[in-house]
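Listed below, chain by chain, are the residues.
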Amino acid sequence: EFPFLKDSNIEKETLGLLNSYAEERGKEIKAPIPVEDIIEYLDYDIDFRKDGIYEDDNILGGLRISKKRVEINENLNGQEGRQSFTMAHETGHIVLHVPYYLEQEKIGQKGKSEIICRKDEGFEGNKKAPEEWQADKFAAYLLMPTAMVKKAFFQTQKRSVNVRRKSLL
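About the thresholds
Residues numbered from 1 in each chain as written. Predicted model: local features only at pLDDT ≥ 70, side-chain atom pairs only at ≥ 80, totals over all residues. Heavy atoms only, no water. Helix = DSSP H or I, 4+ residues; strand = E, 2+ residues; numbered from the N terminus. Contact = heavy atoms within 4.5 Å. Areas by Shrake-Rupley, 256 points an atom, 1.4 Å probe, with all protein chains shown as cover. Phe/Tyr/Trp six-rings, centres within 6.5 Å; stacked < 30°, edge-to-face > 60°. Buried < 20%, exposed > 50% of the residue type's maximum accessible area, 1.4 Å probe, protein only. Pairing = 2+ DSSP bridges. Axes fitted to C-alpha atoms, helices over the stretch in contact; angles between N-to-C directions. 1 Å grid on protein atoms, 1.4 Å probe; cavity = no way out; pocket = protein on both sides within 12 Å on 5 of 7 lines; lining within 4 Å. Points joined across faces, edges and corners; volume = space filled by probe spheres on them. Nonpolar A, V, L, I, M, F, W, Y, C, P; charged D, E, K, R; others polar.

Draft legend 1. Structural context of the overall build of the chain. A tally of helices and strands in the chain yields 5 helices and 4 strands. Ordering the α and β elements of the chain from the N terminus gives α-α-β-β-β-α-β-α-α. Across the chain, every contact between residues at least 6 apart in sequence was considered, and the portion connecting residues at least 24 apart equals 63%. If you sum the accessible surface of the chain, you get close to 10600 Å²; carbon and sulfur atoms cover 48% of it.

Draft legend 2. Molecular detail of the packing of aromatic side chains. Here the structure, examined in full by the defined rule, presents 3 aromatic pairs. With centroids separated by 5.5 Å and ring planes inclined at 80°, the aromatic side chains of tyrosine 21 and tyrosine 41 adopt a geometry described as edge-to-face. You can see tyrosine 21 sitting in helix α1 (residues 7–25) and its partner tyrosine 41 sitting in helix α2 (residues 35–41), a full 20 residues away along the chain. Taking relative accessible area as the criterion, tyrosine 21 reaches 2% and is therefore assigned buried. The class of tyrosine 41 is partly exposed, set by a relative accessible area of 24%.

Draft legend 3. Region of the structure containing the side chain of histidine 97. Inspection of the secondary structure assignment puts histidine 97 in helix α3 (residues 80–106). In this view, histidine 97 contacts Phe2, Gly92, Ile115, Glu131, Gln134 and Ala135; residues no more than four positions away in its chain are not counted.

Draft legend 4. Structural view of the sheet that holds strand β3 (residues 69–73). With mixed pairing, the 4 strands of this open sheet are ordered in space as β1-β3-β2-β4. Of all the strands in the sheet, just β1 (45–49) and β4 (114–118) have a single pairing partner and so form its edges. Averaged over all pairs of adjacent strands, the angle between their axes in this sheet comes to 15°, without regard to strand direction. Pairing of β1 with β3, which is carried by 5 bridges, proceeds in the parallel orientation. Among the inter-strand pairings, aspartate 45 is bridged to a residue of β3, identified as arginine 69. Helix-sheet contacts for α3 involve β1, β2 (59–64), β3 and β4, and the interaxial angle to β2 is about 35°.

Draft legend 5. Structural context of the layout of surface pockets. Quantified by volume, the largest pocket comes out at close to 310 Å³. In terms of lining, the largest pocket is formed by 14 residues, of which the most central are Glu28, Ile29, Lys30, Ala147 and Met148. When residues of the lining of the largest pocket are traced back to their parent elements, those giving at least two are α1 and α5 (146–156). In terms of residue class, the lining of the largest pocket is made up of 9 nonpolar, 2 polar and 3 charged. If you go around the second largest pocket, the residues you meet are Pro32, Ile33, Pro34, Val35, Glu36, Glu80, Gly81, Gln83, Ser84, Met87 and Leu143. Of all the elements in the fold, those that place two or more residues in the lining of the second largest pocket are α2 and α3. Broken down by element, the lining of the second largest pocket gets its largest block of residues, 5 residues, from α3. Residue composition of the lining of the second largest pocket, by class: 6 nonpolar, 3 polar and 2 charged.

Draft legend 6. Examining unusual backbone geometry more closely. Of note, the bond from alanine 31 into proline 32 is cis; its omega dihedral lies within 30 degrees of zero at -5°. Its location among the elements puts proline 32 in the loop between α1 and α2. Positive phi values are uncommon outside glycine, yet aspartate 43 reaches one of about 70°. Relative to the helices and strands, aspartate 43 is located in the loop between α2 and β1. Look at aspartate 43 and you get exposed, because its relative accessible area is 53%. Even without a glycine there, the phi angle at lysine 68 is positive, about 50°. Of note, lysine 68 is situated in the loop between β2 and β3.

Here it is as structure tokens:
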């Protein structure tokens, strides 16, 4: 089982990835976050699939570690937000979990060679597998970096909003 990670550590990993990507590309990161490019920056390929396990709508994506391939269920075409989140989620597995599995293999433990992501294991689900929850957190921090969200918010609001007393809508 993968070790516990604090939210602050997960956010730190996303910021490190965004900063190294921006430095490598020589440009500032702006919304929307270029998740597909980031996956390729990490030296992984992206494959959209509708065969085999991807006939099941519950399976959103997968990571084939030994093949350095991210697989995305083709059923997500036309669902831009969900597709981006799934790709960011798989990026979370690459950054947070793959190094751990590779280290486990080096010391003779059986590491995972693939990670299959299902709707019912992350934020939306009821199983709350630690790896899936961590990858979901990573995806949220990657797609909506705190500094960018705060900057966008304060461009429209003069001060913080107490959401208990005031509706934003």
